[in-house]
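Geometric and topological summary
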Amino acid sequence: MATTEEIRADLADIVNEVAGVDADDVQLDKSFVDDLDVDSLSMVEVVVAAEEKFGVTIPDDEVKNLKTVGDAVAYIERAQG
Amino acid sequence: MPSTRVVVTGLGTTSPVGGDVASTWQALLAGTSGISHLTDEWVEQLPVKIGGRVAVEPSEVLDRVKARRLDRSSQFAMVAADQAWADAGLEGSGLEPERLAVAVASGIGGVTTLLANYDILLEKGARRVSPLAVPMLMPNAPAANVSLKYGARAAVHAPTSACASGNEAIAMAIDLIRLGRADVVLAGGTEAAIHPLPMAAFANMMALSKTGSEEGGDPTRVSRPWDTARDGFVLGEGGAVLVLESEEHARARGAKVYAEVRGAGISNDAHDIAQPDPEGRGGTRAIKMALREGDVDPATVVHVNAHATSTPKGDIAEGLMLHAVLGEHVDRCVVTSTKSMTGHLLGGAGALEAVATVMALHDRVSPPTINLDDKDPEVDLDIPTSRRDLPEGDIVALNNSFGFGGANVAVAFGSV
């Protein structure tokens, strides 16, 4: 099972690829919209790439609850259960 | 006659022979072909394996993250628009966004984005289809992205008339300025259709040449407008954008002026969905319209950048048009096809060739037509096989484009 840090690091690579954000800035306390400037369409791309990377399903209804990187990492950890 | 004079104050392109205007123009004057064997793995299954890829990949020029949100056709448009904007000196010029328009066309839109996402749909399922697919593939995406970049808040158009689209965008830009709807227009065309589906389709309708694709074949010799051995066009890719501006606005800001846009003519054959009228009657009307609109004396028309794509019928019809319009003066007119070097950029062709036409007037020299080893006896035109100087004095040059659907667009540029 991947550690929280491993999931964060992989997610950071995805956010870097999609939105050009420096991977080092993608930390658990950062807000996708307010801190990382990831817009709604980019967020969909991040979610879809994360589903494939981590082998989980993130329903559209859940995406709006993933405000911070930490929210997303926690969701992925639970989904991998 | 229209009272508002329209001038060209900026040029940009990324083409199969160069990544900017200077390199493209030098390659055209030197007679350098941009056609090569395609290296994509999918070419193996196709009867045509050659094409004109851009000389400089847009990924080398554009920001990576911005570029991944753009179809390749929009990437070419952005590269060309960035160059044209800088060339015209518009940055910090105080131009009001509400007076800046865009007319950037493509022939078939974001076809590679559409088909790549269809592949993903079939292979990986609906969930993996890009949420950006529609804004990337829509035909007005290149124009819309240029307007976003430069804050153009007047009209943003994407006229589509197949291979005449780029030229129609320029004709539309003239109207926008003469009707008072804009002071400056970023006008041009783009195409990124080097993909197995459009290539198979063009090959199956016998529009693409199938020669030169064999191992050891010479792709640079295949596009040969007006030559007896011509047997179809070669597909190219790329984009070009011109800055068109009211003369008053250009003078007021002290802009350099490459040429005047004298007039445009647009008509349709209503003859066949793909074949040109064999007598070129629709094209003749378009050229006459352009000269009449610009109050041009046919005796002053000394250069034509022809549509001439290297197809058996089309090249003949265009010669008939020029004879019908210019009469005896056709003997003093230097007619060339830069498609002999760039291949056919479809919706980008009219714009790239407008850049070449403007540069020809500005530098008073015509690029050659390469591969014209044995001129078709049915063609009675003065076609240079090496660069040819154009005369001094007030001269006019024509840029012709014709497209599937019967579209004919001619634009007349004048020296300044």
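Since the structure is predicted, the reported quantities are computational estimates derived from the model, not experimental observations.

**Focus: the overall build of chain A**
The helix and strand tally for chain A stands at four helices and zero strands. The secondary structure elements of chain A, listed N-terminal to C-terminal, are α-α-α-α. At 11 Å, chain A has a C-alpha radius of gyration in line with the 12 Å of a compact globule built from 81 residues. Each principal axis of the C-alpha atoms in chain A carries an extent, and together these give about 30 × 25 × 20 Å. Residues classed as buried in chain A amount to 32% of the 81 residues present. Contacts in chain A between residues at least 24 apart in sequence constitute 52% of all its contacts with a sequence separation of at least 6.

**Structural notes on the UniProt feature "modified residue: O-(pantetheine 4'-phosphoryl)serine" (unreviewed entry) in chain A**
UniProt records the feature "modified residue: O-(pantetheine 4'-phosphoryl)serine" (unreviewed entry) for S40 of chain A in the present numbering. Inspection of the secondary structure puts S40 of chain A in helix α2 (residues 40-54).

**Brief notes about the packing of helix α3 (residues 72-88) of chain B against helix α6 (residues 141-150) of chain B**
Residue and element names in this part refer to chain B. Two elements in contact, α3 and α6, have axes separated by 9 Å at closest approach and are oriented at 40°. For the element pair α3 / α6, the angle class is oblique. Where α3 crosses over α6, the handedness of that crossing is right-handed. The segment α3 lies against α6, with S73, S74, A77, M78, A81 and W85 engaging A141, P142, N145, V146, K149 and Y150. Looking at the contact of α3 with α6, its residues break down into eight nonpolar, three polar and one charged.

**Things to note about the nonpolar core**
The biggest cluster of nonpolar side chains holds 125 residues, and the ones touching the most others in it are A103, V104, V185 and L242 of chain B. Broken down by element, the residue count for this core peaks at 10 residues, all from helix α13 (residues 349-363) of chain B. Among residues more than four places away in sequence, those in contact with L242 of chain B are V8, G10, L11, A84, I170, A187, G188, A351, A354 and V355 of chain B. Residues V18, V21, V26 and V69 of chain A belong to the second largest nonpolar core, which totals 23 residues.

**Examining the environment of L345 of chain B**
Positionally, L345 of chain B belongs in the loop between α12 (339-342) and α13. Sequence separation between L345 of chain B and T190 of chain B is 155 residues, and the spatial gap between their C-alpha atoms is 7.5 Å.

**Topic: the environment of S337 of chain B**
Residue and element names in this part refer to chain B. Tracing the backbone through its elements, the reader meets S337 in the loop between β10 (334-336) and α12. Along the chain, S337 and L242 lie 95 residues apart, while their C-alpha atoms are 20 Å from each other. Discounting residues that sit within four places of it in the chain, S337 has contacts with P225, A306, A308 and T369.

**Quick word on the environment of L322 of chain B**
All names here are of chain B. As for its position among the elements, L322 is in helix α11 (residues 312-326). Judged by local crowding, L322 falls into the buried class, with 25 C-beta atoms found within 10 Å. Placed 11 residues apart in sequence, L322 and C333 show a C-alpha to C-alpha distance of 9.4 Å. Those residues in contact with L322, other than ones at most four positions away along the chain, are V304, V330, C333, V335 and L381.

**Some words on the interface of chain B and chain A**
Counting residues at the interface gives seven residues for chain B and six residues for chain A. Residue composition of the side of chain B that touches chain A, by class: three nonpolar, one polar and three charged.

**Description of the packing of helix α7 (residues 165-178) of chain B against α13 of chain B**
Helix packing geometry: the angle between the two helix axes and the distance between the axes. All names here are of chain B. Look at α7 against α13: their axes get within 5 Å of each other, and the N-to-C directions meet at 65°. Judged by the inter-axis angle, α7 sits roughly perpendicular to α13. Contacts between α7 and α13 involve S165, G166, N167, A169 and I170 on the former and, on the latter, A349, G350, A351 and A354. For the contact of α7 with α13, the residue count by class is five nonpolar, four polar and no charged.

**What to know about the pairing of strand β1 (residues 6-14) of chain B**
Within a regular beta strand, the side chains point alternately toward one face of the sheet and then the other, so they alternate between its two faces. All names here are of chain B. Among the nine residues that make up β1, nine are buried, leaving the element largely enclosed by the rest of the structure. As judged from the eight bridges shared by β1 and strand β7 (residues 238-246), these two strands associate in the antiparallel manner. Bridge pairing in β7 places G10 opposite V243. Bridging between β1 and strand β8 (residues 259-268) involves three bridges; their strand directions are antiparallel. Paired with V7 across the two strands is E260, which belongs to β8.

**Let's talk about the confidence of the model for chain B**
Residues with a pLDDT of 70 or more make up 100% of chain B, whose mean pLDDT is 97. In the predicted assembly, ipTM is 0.87 and pTM is 0.96.

**Observations regarding the sheet that holds strand β13 (residues 396-403) of chain B**
Residue and element names in this part refer to chain B. The strand order β5-β4-β6-β7-β1-β8-β14-β13-β9-β10 describes an open sheet built from 10 strands, whose pairing is mixed. Pairing within the sheet leaves two strands with one partner each, and these edge strands are β5 (156-157) and β10. Packed on one face of the sheet, α6 meets β4 (100-106), β5 and β6 (184-191) and runs near 150° to β4. Here helix α10 (residues 281-293) sits on the sheet and contacts β8, β13 and β14 (407-414); the angle it forms with β8, its principal contact strand, is near 145°.

Conventions and cut-offs
Residues numbered from 1 in each chain as written. Chains lettered and ligands numbered in written order. Predicted model: local features only at pLDDT ≥ 70, side-chain atom pairs only at ≥ 80, totals over all residues. Helix = DSSP H or I, 4+ residues; strand = E, 2+ residues; numbered from the N terminus. Rg over C-alpha atoms; globule rule 2.2 N^0.38 Å. Buried ≥ 20, exposed ≤ 12 C-beta atoms within 10 Å, placed from the backbone. Contact = placed C-beta atoms within 7 Å. UniProt positions renumbered as here; feature names shortened; annotations may be inferred. Axes fitted to C-alpha atoms, helices over the stretch in contact; angles between N-to-C directions. Parallel < 35°, antiparallel > 145°, perpendicular 65-115°, else oblique. Left-handed = near helix turned anticlockwise from the far one by under 90°. Nonpolar A, V, L, I, M, F, W, Y, C, P; charged D, E, K, R; others polar. Core = buried A, V, L, I, M, F, W, Y, C linked by C-beta atoms within 7 Å. Pairing = 2+ DSSP bridges. pLDDT = per-residue confidence, 0-100.

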